[in-house]
There are 2 protein chains.
Amino acid sequence: MVLVKKTPTIQDVARFSGVSTATVSRALSSPERVSESTRARISEAVQLTGYTPNQSARSLRQKTARTILVALPDIRNPFFSAILDSIEREAAARGYGVLVANRFSGGDSGRRMRDYFLSNRVDGLLLFDGSVDLEQLMLLTGDPAPVPLVVACEEIPSAPFHTVRTDNCYAAEQATRHLIGLGHTSIGHIAGPCGNVLTAERAAGFRKAMGDAGLMVREDWLFEGAFGMDQGHAAGQRFAALRERPTAMFSANDESAIGFLSALNQHGIACPRDVSLVGFDDLDIAAHVLPPLTTMRQPREALGRIAAGALIDVIEGQSRSRLPMHMVLSSELIVRGSTACPPAHQSSAAASVLPV
Amino acid sequence: MVLVKKTPTIQDVARFSGVSTATVSRALSSPERVSESTRARISEAVQLTGYTPNQSARSLRQKTARTILVALPDIRNPFFSAILDSIEREAAARGYGVLVANRFSGGDSGRRMRDYFLSNRVDGLLLFDGSVDLEQLMLLTGDPAPVPLVVACEEIPSAPFHTVRTDNCYAAEQATRHLIGLGHTSIGHIAGPCGNVLTAERAAGFRKAMGDAGLMVREDWLFEGAFGMDQGHAAGQRFAALRERPTAMFSANDESAIGFLSALNQHGIACPRDVSLVGFDDLDIAAHVLPPLTTMRQPREALGRIAAGALIDVIEGQSRSRLPMHMVLSSELIVRGSTACPPAHQSSAAASVLPV
DNA sequence: GAAAGTAATGCAATCGATTGCAGAGGTTTC
DNA sequence: GAAACCTCTGCAATCGATTGCATTACTTTC
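Residues numbered from 1 in each chain as written. Chains lettered and ligands numbered in written order. Predicted model: local features only at pLDDT ≥ 70, side-chain atom pairs only at ≥ 80, totals over all residues. Heavy atoms only, no water.

Quick word on the protein's contact with DNA strand C
Part 1: Taken together, 27 residues sit near DNA strand C, with Thr23(A), Thr38(A), Ile10(B), Arg58(B) and Arg61(B) positioned nearest.
Part 2: Counting only the atoms of DNA strand C that lie within 4 Å of the protein, the sugar and phosphate share comes to 66%.
Part 3: Between DNA strand C and the protein, one listed contact pairs a phosphate oxygen with a side-chain N or O atom of Tyr51(B) at 2.9 Å.
Part 4: Between DNA strand C and Arg58(B), the relevant distance is 2.7 Å, taken from a phosphate oxygen to a side-chain nitrogen or oxygen of the residue.
Part 5: Going through the elements one at a time, helix 2 (21–29) and helix 4 (55–62) of chain A together with helix 2 (21–29) and helix 4 (55–62) of chain B are the ones with two or more residues in the surface near DNA strand C.
Part 6: Here the surface near DNA strand C takes 5 residues from helix 4 of chain B, the largest share from any one element. (Near = heavy atom within 4 Å. Polar contact = N/O pair within 3.5 Å; in protein donor to acceptor, adjacent residues only side chain to side chain. Helix = DSSP H or I, 4+ residues; strand = E, 2+ residues; numbered from the N terminus.)

Written out as structure tokens, the structure reads:
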């Protein structure tokens with residue numbers, strides 16, 4: 001009694017409109033090659049049957065999947081989830097689906113990626129995780145014709161791919177200069193996980209700004225935040241235990257900074273009175289912690305959009321240049337309440353007043 | 001000179017191992033049907049050629065995509081990104097890919113979903129967005145054989161699908177009781193966006209706990225937080241402007257609560273001294289704001305894992321029951337620093353002491 | 001008015017894996 | 001020793017859309 005409706009195929013449409021499947025296919029993909037009247041009959045039949053092309057059949061024939069793979073280190077990180085949002089939007093607008101592969105590092109990541117391509121599930125890869133083993137993937141094709149791949153955020157030096165990233169080094173420099181401009185001379189740094197390219201770049205920017213200003217970088221004022229709130233908190237604990245503390249800190253990301261802040265509070269260290277703090281990323285939360293966090297805003301929406309667009313351009317062979325392009329987006333300093341002049345300034349001002 | 005390596009097919013493996021493609025196929029999918037020696041030769045050839053089955057061909061023949069579609073209202077929301085993380089893990093473990101469709105509501109959502117199924121791109125749908133139009137999707141098949149679909153978080157009453165969710169109403173009740181247990185009698189509520197099922201359930205739990213305790217719910221102490229930090233902040237502004245304020249607030253989610261907190265701080269209203277605050281979700285950030293947020297922890301990891309598992313069971317026809325199952329996970333109260341006894345208690349205690 | 005050109009359409013091969021059916025060769029059963 | 005029954009394997013159809021080539025029926029050109 002139950003009428004099992006088969007999902008309509010191109011055959012059904014062809015039968016309904018009294019033409020061959022070839023004509024139906026052409027009517028849908030290159031309408032100008034089909035006469036007006038036939039086209040009308042076909043689109044009527046499409047309406048009637050509710051036909052949608054079978055993607056598997058199309059993929060098999062055309063060897064494209066109309067799907068991209070996004071490999072992320074940790075999707076729970078709000079930094080990445082915002083990017084994924086804009087990737088998804090751009091991809092959907094261009095008719096591509098988005099497959100996510102999370103925590104995409106570790107031993108067999110190369111093989112897993114390779115399988116995605118070999119099994120024809122995806123046309124391209126958007127890689128946000130620099131720790132992935134690319135060697136395996138590179139085996140896929142000869143060197144001169146690598147798989148469509150765009151590397152985002154992380155830098156993979158000398159690889160023949162487009163990259164999209166923000167200028168971490170310069171941004172870190174700017175963040176540090178902001179503190180220096182406020183009068184701070186003793187400044188520490190909460191770094192990311194070691195081995196990470198971002199960590200290295202941001203630390204380099206910090207050192208550069210310090211060096212340019214003729215300030216010393218004290219190794220005991222460098223903490224590892226590893227990009228997590230808990231690790232930032234731990235850094236805060238160690239900070240509180242210092243005999244001599246810097247008057248300002250630059251954190252390599254907002255999450256570390258927020259964890260750091262919460263530890264400060266536990267120890268009765270006030271921000272920005274006792275210590276100024278600059279974060280990195282401008283997560284939504286940054287404006288809402290106490291005090292609101294001064295931070296370097298990363299253009300997350302643009303990053304995802306541009307990376308996805310570039311990848312699809314490569315897939316469709318529309319990439320403007322044959323050579324790998326390296327796109328660098330710039331960050332913006334957002335000054336909020338977590339930075340102020342150093343207490344030393346005030347006391348030295350006081351000192352210079354009192355003796356008079 | 002460039003050797004274009006074609007991606008290896010089952011034909012190549014067959015040729016290498018001197019058997020037919022049928023045997024190779026069987027060796028890979030049901031090894032027990034192939035003799036030991038042949039199997040060895042085949043797996044050697046697989047190694048040698050680096051063969052991976054073409055998923056499009058397989059999908060076409062078997063009418064399965066080994067992919068699920070996850071429809072989310074907003075992936076940037078950390079609540080959802082944590083769930084997506086566990087979905088992805090569970091799906092990957094069972095050999096399924098995860099396609100994400102973000103902001104999956106609005107006019108044509110039904111048609112978009114229908115197309116995903118009709119085009120054979122996905123085998124099932126994990127729906128986190130109650131505002132999606134299911135009618136269109138239901139047209140796909142007869143009523144008795146609906147598409148594999150699991151509805152998570154949101155409740156769609158009387159629909160013939162498995163659902164996985166947390167007991168929002170009871171959890172909200174518990175959260176409110178926690179405040180009542182501390183001695184609060186004037187309690188307000190920051191609600192979610194109106195029209196949302198979660199909003200309604202959490203508000204209902206709030207009202208239930210208040211009613212059970214014989215407490216009045218004052219309509220001017222109900223704010224709309226709409227689940228965003230900015231809206232929570234706005235609610236905080238309105239709270240600060242009240243002539244008479246409640247001594248405690250229950251917020252329908254952590255983000256609203258955090259926005260609310262930041263507004264309180266701007267107005268010099270101290271939490272928990274002047275007002276206690278309970279959130280909902282236990283985002284990572286909740287432990288790191290100031291004061292650390294008391295909140296109802298949602299079992300996010302379990303939610304994603306169970307929902308994905310249930311969906312794949314349905315897809316593979318292993319679903320234990322033919323009837324829709326309604327799984328309800330329970331939440332846990334995490335008491336942190338944002339809740340305390342009401343100031344009224346202290347002053348009344350003081351009052352009762354002083355006159356003596 | 002013949003040759004050439006063009007527009008619209010159909011035929012049938014093709015993509016790569018799966019699977020129903022059948023056959024070959026061997027073993028068990030009575 | 002014939003019938004029945006395995007086990008292992010191959011043949012060829014099949015899934016649904018795309019596309020190179022061929023065909024038909026006009027139109028244009030000189």
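The rest of the description comes next.
A closer look at the protein's contact with DNA strand D
Part 1: Close contacts around DNA strand D come from 27 residues, with Ile10(A), Arg61(A), Thr23(B), Thr38(B) and Lys63(B) the closest.
Part 2: A distance of 2.8 Å separates a phosphate oxygen of DNA strand D from a polar atom in the side chain of Arg58(A).
Part 3: Of all elements in the fold, only helix 2 and helix 4 of chain A together with helix 2 and helix 4 of chain B reach the threshold of two or more residues within the surface near DNA strand D.
Part 4: When the residues that make up the surface near DNA strand D are grouped by side-chain class, the tally is 9 nonpolar, 10 polar and 8 charged. (Nonpolar A, V, L, I, M, F, W, Y, C, P; charged D, E, K, R; others polar.)

As for the domain arrangement of chain A
Residues and elements named next belong to chain A.
Part 1: The domain architecture assigned to chain A consists of domain 1 (63–166 + 300–329) and domain 2 (168–298 + 334–345).
Part 2: On the domain 2 side, the residues contacting the 9 residues of domain 1 number 11 residues.
Part 3: Taken together, the two surfaces of domain 1 and domain 2 that pack against each other cover about 940 Å², and 43% of this comes from carbon and sulfur.
Part 4: Area buried by domain 1 at its contact with domain 2 is led by Phe79, Thr166 and Arg300, which between them contribute 52% of it. (Domains from an automatic or database assignment. Contact = heavy atoms within 4.5 Å. Buried area = accessible area lost by both parts, 1.4 Å probe.)

What to know about the sheet that holds strand 7 (residues 222–224) of chain A
All names here are of chain A.
Part 1: Strand order across the open sheet formed by 6 strands is 7-6-8-9-10-12, with mixed pairing between neighbours. Each of the sheet's edge strands pairs with one partner strand only, and the pair in question is strand 7 and strand 12 (332–334). Across this sheet, the average inter-strand angle for adjacent strands is 20°, counted without regard to direction.
Part 2: With 4 bridges connecting them, strand 9 (residues 276–281) and strand 10 (residues 294–297) associate as parallel partners. Residue pairing in the sheet places Asp281 in a bridge with Arg297 of strand 10.
Part 3: Packing against the sheet, helix 10 (residues 229–241) makes contact with strand 6 (187–191), strand 7 and strand 8 (248–251), and its axis sits at approximately 145° to strand 7. (Pairing = 2+ DSSP bridges. Axes fitted to C-alpha atoms, helices over the stretch in contact; angles between N-to-C directions.)

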